[in-house]
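Letter by letter, the chains look like this.
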Amino acid sequence: MAELRPPIESGAPDPMPYMHPVMVKNYGKWSFHSHPKPGVLYHRAESGDEVWTVKAGTARQMDHYTIRELADIADQYGDGFVRFTARSNIEYMVADGSKVEPLIKALSDKGYPIGGTANSVSMIAHTQGWLHCDIPGTDASGVVKALMDELYDDFVKCEMPNRVKMSTSCCEINCGGQADIAIIVQHTKPPKINHDLVANVCERPSVVARCPVAAIRPALVNGKPSLEVDEKKCICCGACFPPCPPMQINDPEHSKIAIWVGGKNSNARSKPTFHKLVASGLPNSAPRWPEVAEVVKKILATYKADGKPWERMIDWIDRIGWPAFFEKTGLPFTKYHIDNWRGGRANLNASAHIRF
Ligand code: SF4
Ligand code: SF4
């Protein structure tokens, strides 16, 4: 019998070879952990072994000089082991408590902020943006950089009622995920179709099938096969743009930014939740997005002042109610915040059939 070809592993690599040896030895056998100070975690294993973790913020998109610098710090001041978190922080694990302060000093001297643990504002999880993706309506990295510059103190101090996890999404449909505060691109006009290109670039049935509200139909335009959009149905989601770039939805003026709050993946104390829209139509104003920063800071300041210890953003809102959230933050409540869409039965593209 022919030998079976081994599978090609293209997912996450086996973490064990890269893990701190004390963590490998005590894997799954920890007795408790604590939080000695902002940016530092302490874990004690059942065996009595100890590990300290020092967390620092990074810029996420890093040149190799920066990565070498971070690695040199690990070799010189740590135990030579690091890991990057999902929110682009870097964590150094050391088995000797006396290494913690020199490690913090070495990172601080090079300008890396220490924090992001416990009830701080952690680094914003950001999507790929212009560097890696082909459909962004804004640069996630830019929004994150501009905002974290303003939220530096909230990263290095633990003064929030509970953890604050923020995210950005540079389109309306794909990565990003749930967050206490999410900054999401918001298209406000249907796509503009370049009919000369559709036939050459797009698989029309796939594009028709992508639309969640069945607003796209094949059409002949100037004798060429193309597509048309029923603009009354279109909800400006942008789902047609990735499979068909000639359906250009990004627009310097009409692609805006919206802020959503109250999402979380954690099931600690309360169940996971979806975030909800609280501010829309903010200008997509690179390079510093001041209008977005103002709204985010307003929400954070209100939560910090009004939230009780251990309340996540949504727990706080559930306690005070959404009307009080809008009153206390001073954000305007408009008709666009009311989810009254009842078109599902008639409109929603729930069928696997392609309509022509
Ligand atoms: S959020 Fe959308 S545009 Fe941004 S990286 Fe993900 S898929 Fe691409
Ligand atoms: S996929 Fe979205 S943006 Fe494109 S036509 Fe349908 S509703 Fe409009």
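To be clear, the structure that these remarks concern was listed above.
All of these numbers come straight from a predicted model, not from anything done at the bench.

*Asks:* Teacher, can you tell me more about the packing of helix H8 (residues 290–306) against helix H9 (residues 313–320) here?
*Replies:* For any two helices packed against each other, one specifies the crossing angle of their axes together with the interaxial distance. Packing of H8 against H9 leaves a shortest axis separation of 11 Å and a crossing angle of 70 degrees. Looking at the two axes, H8 sits roughly perpendicular to H9. In this structure, H8 uses Ile299, Thr302, Tyr303 and Asp306 to contact H9, whose residues at the interface are Met313, Trp316, Arg319 and Ile320. Partitioning the contact of H8 with H9 into residue classes produces 5 nonpolar, 1 polar and 2 charged.

*Asks:* Before we go on, may I ask you to explain the nonpolar core in this structure?
*Replies:* A general tendency of soluble globular proteins is for nonpolar side chains to be buried together. Within the largest apolar cluster, 39 residues are counted, with the highest numbers of intra-cluster contacts made by Leu147, Met166, Ile259, Val296, Ile299 and Phe325. Contributing elements (two or more residues each) for this core: helix H4 (140–150), helix H5 (152–156), strand E7 (181–187), strand E12 (255–261), strand E13 (276–282), H8, H9 and helix H10 (322–329). Counting residues per element, this core draws most heavily on H8, at 7 residues. Membership of the second largest hydrophobic core comes to 19 residues, among which are Ile73, Ala74, Tyr92 and Ile114.

*Asks:* Would you mind going over unusual backbone geometry with me for this structure?
*Replies:* Glycine aside, the phi torsion of most residues is negative, and most peptide linkages are trans. The linkage connecting Ala286 with the following residue, Pro287, adopts the cis geometry, with an omega of 5 degrees. Among the secondary structure elements, Pro287 is positioned in the loop between E13 and H8. Located in the positive-phi region is Cys236, a residue other than glycine, with phi close to 60 degrees. Following the sequence through the fold, Cys236 ends up in the loop between strand E10 (224–229) and strand E11 (247–248). The phi angle at Arg269 is positive, at roughly 70 degrees, despite the residue not being glycine. Mapped onto the fold, Arg269 is located in the loop between E12 and E13.

*Asks:* Just checking my understanding: could you explain the sheet that holds E12 for this structure?
*Replies:* Consider a sheet: its strands pair through backbone hydrogen bonds, and that pairing is either parallel or antiparallel. Across the sheet, 4 strands lie side by side as E6-E7-E12-E13; this open sheet has mixed pairing. Of all strands in the sheet, those with a lone pairing partner are strand E6 (166–169) and E13, marking the two edges. When the angles between neighbouring strand axes are averaged without regard to direction, this sheet yields 25 degrees. Two elements, E6 and E7, share 4 bridges in a ladder whose sense is parallel. Note that in E7 the partner of Ser167 across the bridge is Ala182. Packing of H10 onto the sheet brings it into contact with E12 and E13, and relative to E13 it is tilted by some 40 degrees.

*Asks:* Whenever I open this one, the site of ligand 1 confuses me. Can you help?
*Replies:* Lining the immediate environment of ligand 1, one finds Thr127, Gln128, Gly129, Cys133, Ile135, Pro136, Cys170, Cys171, Asn174 and Cys175. A breakdown of the residues in the shell around ligand 1 according to their chemical character gives 6 nonpolar, 4 polar and no charged.

*Asks:* What should I look at first to understand the site of ligand 2 in this one?
*Replies:* Close to ligand 2 lie 14 residues, the nearest being Cys211, Cys234, Cys237, Gly238 and Cys240. Looking at side-chain class alone, the shell around ligand 2 contains 13 nonpolar, 1 polar and no charged residues.

*Asks:* Sorry if this is basic, but what is going on with the packing of aromatic side chains here?
*Replies:* For any pair of aromatic rings, geometry is given as the distance between the ring centres together with the angle between the planes. In this structure the tally under the stated criterion is 8 aromatic pairs. One aromatic cluster is present, formed by Tyr303, Trp316, Trp322, Phe325, Phe326 and Phe333 through successive ring pairs.

*Asks:* Honestly, H4 in this entry has me stumped. Any pointers?
*Replies:* Side chains of residues three or four places apart in an α-helix project in the same direction, reflecting 3.6 residues per turn. Counting buried residues along H4, 8 of its 11 residues qualify, which places the element largely inside the surrounding structure. Regarding H4, the residues found buried are Ala140, Ser141, Gly142, Val143, Val144, Ala146, Leu147 and Met148. In this fold, the buried residues of H4 make contact with H5, E6, E7 and H8.

Cut-offs and rules
- Residues numbered from 1 in each chain as written.
- Chains lettered and ligands numbered in written order.
- Predicted model: local features only at pLDDT ≥ 70, side-chain atom pairs only at ≥ 80, totals over all residues.
- Heavy atoms only, no water.
- Axes fitted to C-alpha atoms, helices over the stretch in contact; angles between N-to-C directions.
- Helix = DSSP H or I, 4+ residues; strand = E, 2+ residues; numbered from the N terminus.
- Parallel < 35°, antiparallel > 145°, perpendicular 65-115°, else oblique.
- Contact = heavy atoms within 4.5 Å.
- Nonpolar A, V, L, I, M, F, W, Y, C, P; charged D, E, K, R; others polar.
- Core = buried A, V, L, I, M, F, W, Y, C linked by side-chain atoms within 4.5 Å.
- Buried < 20%, exposed > 50% of the residue type's maximum accessible area, 1.4 Å probe, protein only.
- Pairing = 2+ DSSP bridges.
- Near = heavy atom within 4 Å.
- Phe/Tyr/Trp six-rings, centres within 6.5 Å; stacked < 30°, edge-to-face > 60°.

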